[in-house]
2 protein chains.
Amino acid sequence: MATLKHSKQRDAILNFLMSRKDHPTADVVYSHLREEYPNISLGTVYRNLTLLSELGQIKRLHIGDGVDHFDADTSQHYHFLCSECGAVIDLKMETIDHINQLAGVGFDGQIAGNITYFYGLCPKCSAKSGQQEGA
Amino acid sequence: MATLKHSKQRDAILNFLMSRKDHPTADVVYSHLREEYPNISLGTVYRNLTLLSELGQIKRLHIGDGVDHFDADTSQHYHFLCSECGAVIDLKMETIDHINQLAGVGFDGQIAGNITYFYGLCPKCSAKSGQQEGA
DNA sequence: TCAAAAATAGGAATGATTACTATTTTATTC
DNA sequence: GAATAAAATAGTAATCATTCCTATTTTTGA
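For clarity, every value in this text was computed on a predicted model and none was experimentally measured. (Residues numbered from 1 in each chain as written. Chains lettered and ligands numbered in written order. Predicted model: local features only at pLDDT ≥ 70, side-chain atom pairs only at ≥ 80, totals over all residues. Heavy atoms only, no water.)

Quick notes on the protein's contact with DNA strand D
Now for step 1: Taken together, 24 residues form the shell around DNA strand D, and within it A:Lys5, A:Ser7, A:Thr44, A:Arg47 and B:Tyr46 come nearest.
Now for step 2: Sugar and phosphate atoms form 79% of the subset of DNA strand D atoms that lie within 4 Å of the protein.
Now for step 3: In this structure, a base nitrogen belonging to DNA strand D sits 2.5 Å away from a side-chain N or O atom of A:Lys5.
Now for step 4: At 3.2 Å from a phosphate oxygen of DNA strand D is found a side-chain nitrogen or oxygen belonging to A:Asn48.
Now for step 5: Listed by contribution, the elements that provide at least two residues to the surface near DNA strand D are α1 (8-18) and α3 (42-54) of chain A together with α3 (42-54) of chain B. (Near = heavy atom within 4 Å. Polar contact = N/O pair within 3.5 Å; in protein donor to acceptor, adjacent residues only side chain to side chain. Helix = DSSP H or I, 4+ residues; strand = E, 2+ residues; numbered from the N terminus.)

See below:
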């Protein structure tokens, strides 16, 4: 893969990801892309998602639910995972990179960064649970 | 599984985990346990690791390398993942739970906690890389 | 000792992801 | 615009971690 060649499928995958504020899995991307490209293969979706993340155009998220999620927003932000419905939501918050310093205290290696995500109840599930308790 | 019955295999799995300060995968546990129990099955290892983690006696770690790791140290601590050799190392550092407050600013859901791990070069790989640069 | 419940061994099944290959598409040169 | 080489695709097979299934064995309490 010396020089990169254009592909409609890759463009469509990136465009689809950019149109979403949730964080789709490869399978979700595949399902939606098939509406426009009925013959697109899951392998193509995976290959391009991997390629795009290696190019730094998207981020691959391992949030511990056993499936990779993808995010076209490459700006600095954090993720929240709803323990109830599994939704992955962006958190626009100040950086917490100062924790790297805390982690480095008394550690002889080099801390390059951290992976952090938050969990709990998303706004929707939080509202539901509030109602039920009240009822 | 109403009442829990004793099993030598489960004890051996927990003992093995407690004897290690790294964070073995199910397959590593399986390989070592086979020395003592040549007929132990991988299914038994997985079932007991899952059971023990549900009982809160061990922790299951998703560190994003595609394989689950297990940790018999259930006390508050953080983990470091070496980008070079894949080692998982304990970091004894002060709590960073204040980041939950930061994450909650302007978020309508409920933040219950965070999953955080650090990455970079472990002490050994850090030393090696330093030598090579110098040579 | 006996019986019921739980655990095991062994292997099959699942599900996400990657690998393989013949064909198609893209980009470049004439 | 045709010829060509490189890259991408579709479709499918393979891989790998993990879970599920079932007949047999172990544990435990009476």
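Section: the sheet that holds strand β4 (residues 88-91) of chain B
Now for step 1: Strands sit in the order β4(A)-β3(A)-β5(A)-β5(B)-β3(B)-β4(B) across an open sheet of six strands; the sheet is mixed. The open sheet has two free edges, formed respectively by β4 (88-91) of chain A together with β4 of chain B, since each of these has just one partner strand. When strand polarity is set aside, the average angle formed by the axes of neighbouring strands in this sheet is 30 degrees.
Now for step 2: Bridge count between strand β3 (residues 78-82) of chain B and strand β5 (residues 110-121) of chain B: four bridges; the pairing is parallel. (Pairing = 2+ DSSP bridges. Axes fitted to C-alpha atoms, helices over the stretch in contact; angles between N-to-C directions.)

Focus: the pairing of β4(A)
Residue and element names in this part refer to chain A.
Now for step 1: Taken together, the four bridges between strand β3 (residues 78-82) and β4 define a ladder with antiparallel strand orientation. Residue pairing for β4: His-79 is matched across the bridge by Asp-90.
Now for step 2: Where β3 folds back on β4, the antiparallel hairpin that results is connected by five residues, among which Gly-86 adopts a positive phi of roughly 80 degrees.

A word on the relation of the copies chain B and chain A
Now for step 1: Of the transformation placing chain B onto chain A, the axial shift is 0.0 Å and the rotation is 180 degrees, giving an RMSD of 0.1 Å. The relationship between the two copies is best expressed as a two-fold rotation axis. Of the C-alpha atoms belonging to chain B, the one lying closest to the rotation axis is found on B:Thr116, 2.2 Å away.
Now for step 2: A share of 100% of the interface residues of chain B reappears at the interface of chain A, consistent with the copies meeting face to face through the same patch. (Least-squares fit on C-alpha atoms with pLDDT ≥ 70 in both. Contact = heavy atoms within 4.5 Å.)

Brief notes about the protein's contact with DNA strand C
Now for step 1: The environment of DNA strand C is formed by 24 residues, the closest being A:Tyr46, B:Lys5, B:Ser7, B:Thr44 and B:Arg47.
Now for step 2: At a separation of 3.1 Å, a phosphate oxygen of DNA strand C approaches a polar backbone atom of B:Thr3.
Now for step 3: Backbone polar atom of B:Ile40 to a phosphate oxygen of DNA strand C: 3.5 Å apart, as the coordinates give it.
Now for step 4: At the level of elements, α3 of chain A together with α1 (8-18) and α3 of chain B are the ones that each hand at least two residues to the surface near DNA strand C.
Now for step 5: Of the residues belonging to the surface near DNA strand C, the class tally is seven nonpolar, 10 polar and seven charged. (Nonpolar A, V, L, I, M, F, W, Y, C, P; charged D, E, K, R; others polar.)

Quick look at the domain arrangement of chain A
All names here are of chain A.
Now for step 1: Domain annotation for chain A reports domain 1 (1-74) and domain 2 (75-135).
Now for step 2: Measuring from the centre of the C-alpha atoms in domain 1 to the corresponding centre in domain 2 gives 23 Å.
Now for step 3: Between domain 1 and domain 2, the contact holds 12 residues from the first and 10 residues from the second.
Now for step 4: The largest per-residue losses of area from domain 1 upon contact with domain 2 belong to His-23, Ile-63 and Asp-73, which jointly make up 57% of the total buried on that side.
Now for step 5: Connecting domain 1 to domain 2 are one salt bridge.
Now for step 6: Between Lys-92 and Asp-73 there is a salt bridge, and its shortest N-O distance comes to 3.1 Å.
Now for step 7: Elements supplying a minimum of two residues to the side of domain 1 that touches domain 2: β1 (59-62) and β2 (68-71).
Now for step 8: In terms of residue count, the dominant contributor to the side of domain 1 that touches domain 2 is β1 (three residues).
Now for step 9: Its residues placed into classes, the side of domain 1 that touches domain 2 shows two nonpolar, five polar and five charged. (Domains from an automatic or database assignment. Buried area = accessible area lost by both parts, 1.4 Å probe. Salt bridge = Lys/Arg side-chain N within 4 Å of Asp/Glu carboxyl O.)

Some remarks on the pattern of salt bridges
Residues and elements named next belong to chain A.
Now for step 1: The final tally for this structure, using the stated rule, is six salt bridges over all chains.
Now for step 2: Between Asp-68 and Arg-60 there is a salt bridge, with the nearest N and O atoms lying 2.7 Å from each other.
Now for step 3: On the basis of relative accessible area, Asp-68 is assigned to the partly exposed category, the value being 23%.
Now for step 4: Of the residues examined, Arg-60 reaches a relative accessible area of 29% and is grouped as partly exposed. (Buried < 20%, exposed > 50% of the residue type's maximum accessible area, 1.4 Å probe, protein only.)

As for the interface of chain B and chain A
Now for step 1: Listed as interface residues are 31 residues of chain B and, on the opposing side, 31 residues of chain A.
Now for step 2: Together chain B and chain A conceal approximately 2,700 Å² of surface at their shared face, both sides included; 68% is due to carbon and sulfur atoms.
Now for step 3: When the buried surface of chain B facing chain A is broken down by residue, B:Gln110, B:Ile115 and B:Tyr119 rank first, second and third, together holding 20% of it.
Now for step 4: One can count zero salt bridges joining chain B with chain A.

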